[in-house]
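One letter stands for each residue in the lines below.
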Amino acid sequence: GYLILTPNSGGQKGGAYYKSLIPTTGQVSVSFDLEVNGSADGMCVPFFSNTNAFLTGGGGGSLGCQGMAGSYFVGIEEYGTNTIRIGVPNAYDNWDKTISGLANTANAVRVTIILTPQKGSTFIDVQAQVGSAPPSSYASRTMSGTLPAGGILVGMTAATGGEAAEHKVRNIVISGS
């Protein structure tokens, strides 16, 4: 079944995180099926170290990452833009890649995020497979800094903002080495 992050109403925000630290000496990978019924702000996959920083801020807005503190995040913005954003929490407008069909579609979107450590930086690669299309739509970016050596927490948040949309995820696979 699906984990419902937000109900289909305005001003809502919700999420969950995997409660075990993911090893960060090698690649970190997250994949999941996303279904969005409606068009609202969007959802966010934050990579963070402190559980106190998770789901802070007001209800709705900022892709569900409002008030978050952490290492990096990947956002999927539905409202007006259909973009994938890669950045750091509270500075999420660093980079956009337009991907059509992320919201209000009959088909689920399979999202895969891979973080690869490099010398003093982290390469973030995102694939979004819409319906039965091949996973050719992608976004990638090299971010300065590295993930914490002791491991990282992975979460999923969503926000409806002033719009209304049900955000659901399932078939979540998280791994690290």
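The structure we're discussing is the one just above.
Keep in mind that what you see is a predicted model, and the values were worked out from it rather than measured.

Draft legend 1. Main features of the overall build of the protein. Regarding its fold elements, the protein presents 0 helices and 12 strands. Put simply, the protein runs from its N terminus to its C terminus through helices and strands in the order β-β-β-β-β-β-β-β-β-β-β-β. In the protein, 68% of the contacts between residues at least 6 apart in sequence involve partners at least 24 apart. Carbon and sulfur atoms provide 47% of the accessible area of the protein, an area that totals close to 7,500 Å².

Draft legend 2. Representation of the pattern of salt bridges within the structure. Across all of its chains, the model carries 4 salt bridges by this definition. The salt bridge involving Arg 110 is made with Asp 33; its shortest N-O contact spans 3.1 Å. Here Arg 110, found in strand β8 (residues 109–118), pairs with Asp 33, found in strand β3 (residues 28–39); they are 77 residues apart in sequence, far enough to count as distant. Looking at Arg 110, the relative accessible area reads 23%, which means it is partly exposed. As a salt-bridge pair, Glu 166 and Lys 168 come within 3.9 Å of each other at their nearest N and O atoms. Among the ionic contacts, a cluster of salt bridges with common partners joins Asp 33, Arg 110 and Arg 170.

Draft legend 3. Quick look at unusual backbone geometry. In this structure, Asn 171 takes a positive phi of about 50 degrees despite not being glycine. Taking relative accessible area as the criterion, Asn 171 reaches 48% and is therefore assigned partly exposed.

Draft legend 4. Quick look at the pairing of strand β4 (residues 42–48). Counting buried positions along β4 gives 7 out of 7 residues, so the element sits mostly inside the fold. Burial along β4 is two-sided: the residues Gly 42, Cys 44, Pro 46 and Phe 48 and Met 43, Val 45 and Phe 47 are all buried. Note: β4 against strand β5 (residues 72–77), 6 bridges, orientation antiparallel. By the bridge assignment, Phe 47 is partnered in β5 with Tyr 72. Note: β4 against strand β11 (residues 152–159), 5 bridges, orientation antiparallel. The partner of Gly 42 across the bridge, within β11, is Ala 159.

Conventions adopted
Residues numbered from 1 in each chain as written. Predicted model: local features only at pLDDT ≥ 70, side-chain atom pairs only at ≥ 80, totals over all residues. Heavy atoms only, no water. Helix = DSSP H or I, 4+ residues; strand = E, 2+ residues; numbered from the N terminus. Contact = heavy atoms within 4.5 Å. Areas by Shrake-Rupley, 256 points an atom, 1.4 Å probe, with all protein chains shown as cover. Salt bridge = Lys/Arg side-chain N within 4 Å of Asp/Glu carboxyl O. Buried < 20%, exposed > 50% of the residue type's maximum accessible area, 1.4 Å probe, protein only. Pairing = 2+ DSSP bridges.

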